Amino acid sequence: MNAMSLIKNGLPKTQEFCISHQVQKVQSGPYQICPQCAKEDVNQTNREHHKHVKKMVCDNHFAGAMIPERHANSGFKNYIRSKNNSGQANAWSKCVSFAKSMISGLKGNLVMSGTTGVGKTHLGCATARTLLNKGMYVRYITSEEMAQKIMRAWDKDTKDSSEQSVIYEFTQYDLLILDEYGLHDRDKRLELVHKVLYARYDAMKPTMLISNFTLKQLKEDLGDRLWSRFQQGGLTTIECNWADQRLFLSCLHGS
């Protein structure tokens, strides 16, 4: 017998009636209790507990995503799109669609290329925040930081901290946002970054790759095999070929 059944059927009834529910109260020790009021109190407590747990999980997801402080509030709503720049509207639209497709369960990849200051990282973090708010696991990191993290594991080289374990860690996220691809030192670091990309392909996990390379340069740097794998499940490509918006806004505010 649960608590509500006990209150309703296992406790003696009184002569008092609840004004709100017009039901007979029961005697519980020195107190006269309305079974319906008690039920509502329990439900409210459960709702508040569920809300608290959900917030804690969401906060942990956001902390684990490692979104840069500068982009802590970067979202789709505050991404500036100039009326005269159709490229910005296209980039925004494709990122929004990509986020929606992930929420619906699709597992494609996205590649965003373009020069510095065009808003690539903002859109990447907006995508991350949208998915995080839906309870998904996302990780933002630059390719240099990721290569360094794997290389640091060489010094420890234990069962819990090895190259393989770090690569495995990066395959667990629902979405990996790999920024500044191509700015890492070459040779060995490039190999390590590619190992993570191959591992995510094998795990069928989507990746968002952001780079200052042109799309042509990016294809060459990834190589035919990896580029082919990136297209598995659908590939969204975005070329951001407009002027540096940071410089534009600085000049605008300074004028």
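Shown above is the structure to which this text applies.
A brief report on the enclosed structure follows.

## Some points on the overall build of the protein chain
Logical step 1: A tally of regular secondary structure across the protein chain gives 9 helices and 8 strands.
Logical step 2: Sorting the 255 residues of the protein chain into buried and exposed places 39% on the buried side.
Logical step 3: Look at the contacts in the protein chain between residues 6 or more apart in sequence, and 72% of them connect residues 24 or more apart.
Logical step 4: Within the structure as shown, the protein chain displays about 15300 Å² of accessible surface, and the carbon and sulfur contribution to it stands at 52%.

## Here's the deal with helix H3 (residues 86–103)
Logical step 1: A rise of 1.5 Å per residue sets the reference length of H3, with its 18 residues, at 26 Å; its end C-alpha atoms lie 26 Å apart and thus fit the reference within 8%.
Logical step 2: Taking the backbone nitrogen of Gly87 as reference, a side-chain oxygen 3.0 Å away marks Asn85 as the first, capping residue of H3.

## Remarks on the sheet that holds strand S5 (residues 138–142)
Logical step 1: Strand order across the open sheet formed by 5 strands is S5-S6-S7-S4-S8, with parallel pairing between neighbours. The open sheet has two edge strands, S5 and strand S8 (235–240), and neither has a second partner. The average undirected angle you get between the axes of adjacent strands in this sheet is 10 degrees.

## Some words on the pattern of salt bridges
Logical step 1: In this structure the tally under the stated criterion is 5 salt bridges.
Logical step 2: Notably, a salt bridge pairs Glu144 with Arg189, separated by 3.3 Å at the nearest N-O pair. Within this pair, whereas Glu144 is found in helix H5 (residues 143–156), its partner Arg189 is found in helix H7 (residues 188–202), the two being separated by 45 residues in sequence.
Logical step 3: Across the pair Glu191 and Lys195 runs a salt bridge, and its minimum N-O distance is 3.8 Å.

Calculation rules
All chains use their own residue numbering, which begins from 1 and follows the written sequence. Since the coordinates come from a predicted model, pLDDT governs what is reported: local features require at least 70, and pairs of side-chain atoms require 80 or more to be given and counted, while whole-chain, interface and lining totals use all residues. Water and hydrogen atoms play no part in the side-chain values, which are based on all heavy atoms of the structure. Going along the chain from the N terminus, every DSSP run of H or I of four or more residues is numbered as a helix, and every run of E of two or more is numbered as a strand. Here's how the labels work: a residue is buried when its accessible area is under 20% of the maximum for its type, exposed when over 50%, partly exposed in between, all with a 1.4 Å probe on protein chains only. The contact definition used throughout considers only heavy atoms, calling two residues in contact when any of these lie within 4.5 Å. Each accessible area is a Shrake-Rupley result for a 1.4 Å probe, and residues are judged covered by the shown protein chains and nothing else. To estimate the expected span of a helix, count its residues, drop one, and scale the result by 1.5 Å. Distance and chemistry together define a polar contact, namely a pair of N or O atoms within 3.5 Å, with one atom able to donate a hydrogen and the other to accept it when in protein, and with adjacent residues in sequence counting only for side-chain atoms on both sides. The criterion for strand pairing is that DSSP finds at least two bridges linking the strands in question. Axis definition: a line fitted to C-alpha atoms, limited for helices to the stretch in contact. Angles are taken between N-to-C directions and run from 0 to 180 degrees. Note on definitions: salt bridges are taken to be side-chain nitrogens of Lys or Arg within 4 Å of carboxyl oxygens of Asp or Glu.

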